[in-house]
Amino acid sequence: MGEAETDDRADTVRLIRLHGPRLQRLAYVLVGDWQDAEDIVLEAFTRTWAHRFRLRAPEAAGAYARRTVVRLAWRMKGSARSARVVVGTPAELPGGDGDSDRRLDLYRNLMDLPPDQRTAVALRFLEGLTETEAAALLRCPVGTVKSRTARGLERLRQLMVTEDEDA
């Protein structure tokens, strides 16, 4: 094995360690199934590997992998596969040791959002992207990200309040 190939493998391992868990959480929020999320992230890293010579900077490779995760998730949601009901939230999802039932409700309700709103909310609040960054990733105007995020958050508030009233 040559030195360049060893460096490529080491870079790939670093990329996966650095971005893997975060991308898996994003994919899970977008598709609602942990196994599908794993498949999406694996495919995203495979595609990132194929473009590794263009993506030398770790930030560029991470951004490419994130964009690929979003596109693959949208494609999966648009395919004949139906969304699965979220029956449990993996421990790796963000949130403290606090109210796990509340977090599970939040993730279930996220799955009730239309894909465009769910993606905007996930990119803004799970990934921490600015509106401009999210718009660039989604290749849409900033105003579109703002409106999708606002509608998604409003719908989440309605769903969460309804569940609180039912409880």
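Report follows, based on the coordinates. (Residues numbered from 1 in each chain as written. Predicted model: local features only at pLDDT ≥ 70, side-chain atom pairs only at ≥ 80, totals over all residues. Heavy atoms only, no water.)

1. Side note on the overall build of the chain
Of regular secondary structure, the chain possesses seven helices and zero strands. Helices and strands in the chain line up, N terminus first, as α-α-α-α-α-α-α. Per-residue burial over the chain gives 38% buried out of 167 residues. (Helix = DSSP H or I, 4+ residues; strand = E, 2+ residues; numbered from the N terminus. Buried < 20%, exposed > 50% of the residue type's maximum accessible area, 1.4 Å probe, protein only.)

2. Notes on the layout of surface pockets
When its volume is computed, the second largest pocket comes out at roughly 160 Å³. Around the second largest pocket, the lining is made up of 11 residues, and of these Leu106, Leu110, Val121, Phe125 and Leu126 lie nearest the centre. If you list the elements that add at least two residues to the lining of the second largest pocket, you get helix H4 (100-112), helix H5 (115-126) and helix H7 (142-166). Tallying contributions element by element places H5 first for the lining of the second largest pocket, with four residues. For the lining of the second largest pocket, the class distribution of residues is 11 nonpolar, no polar and no charged. (1 Å grid on protein atoms, 1.4 Å probe; cavity = no way out; pocket = protein on both sides within 12 Å on 5 of 7 lines; lining within 4 Å. Points joined across faces, edges and corners; volume = space filled by probe spheres on them. Nonpolar A, V, L, I, M, F, W, Y, C, P; charged D, E, K, R; others polar.)

3. Regarding the pattern of salt bridges
For the structure shown, the criterion picks out five salt bridges. Residue Arg22 is joined to Glu127 by a salt bridge in which the shortest nitrogen-to-oxygen separation is 2.3 Å. Separated by 105 residues along the polypeptide, Arg22 in helix H1 (residues 3-31) and Glu127 in the loop between H5 and helix H6 (131-138) bring together distant segments of the chain. Each member of the pair Arg22 and Glu127 is classed as buried. In this structure, a network of salt bridges that share partners links the residues Arg22, Arg66 and Glu127. (Salt bridge = Lys/Arg side-chain N within 4 Å of Asp/Glu carboxyl O.)

4. What about the nonpolar core?
The biggest cluster of nonpolar side chains holds 36 residues, and the ones touching the most others in it are Leu26, Ile40, Val69, Val70, Leu110, Leu123 and Leu138. When near neighbours in sequence (up to four residues on either side) are disregarded, Leu138 contacts Val70, Trp74, Thr119, Leu123, Val145 and Arg148. (Core = buried A, V, L, I, M, F, W, Y, C linked by side-chain atoms within 4.5 Å. Contact = heavy atoms within 4.5 Å.)

5. A look at the environment of Phe45
Within the fold, Phe45 resides in helix H2 (residues 34-50). Assessed through its relative accessible area of 10%, Phe45 is described here as buried. Sequence spacing of Phe45 and Ala65 is 20 residues, and the spatial spacing of their C-alpha atoms is 6.2 Å. With sequence-adjacent residues up to four places away left out, Phe45 is seen in contact with Leu15, Ile16, His19, Gly20, Leu23 and Ala65.

6. A look at the packing of aromatic side chains
What describes a pair of aromatic rings is the distance from one ring centre to the other and the angle between the planes of the rings. Here the structure, examined in full by the defined rule, presents one aromatic pair. Here the aromatic rings of Tyr28 and Trp34 are separated by 5.3 Å at their centres, their planes lie at 65°, and the arrangement is edge-to-face. According to the relative accessible area criterion, Tyr28 is buried, its value standing at 3%. Overall, Trp34 belongs to the partly exposed group, its relative accessible area being 23%. If you follow Arg124 out to its NZ or CZ, it ends over the ring of Phe125, 5.5 Å from the centre. (Phe/Tyr/Trp six-rings, centres within 6.5 Å; stacked < 30°, edge-to-face > 60°. Lys NZ or Arg CZ within 6 Å of the ring centre and 35° of its normal.)

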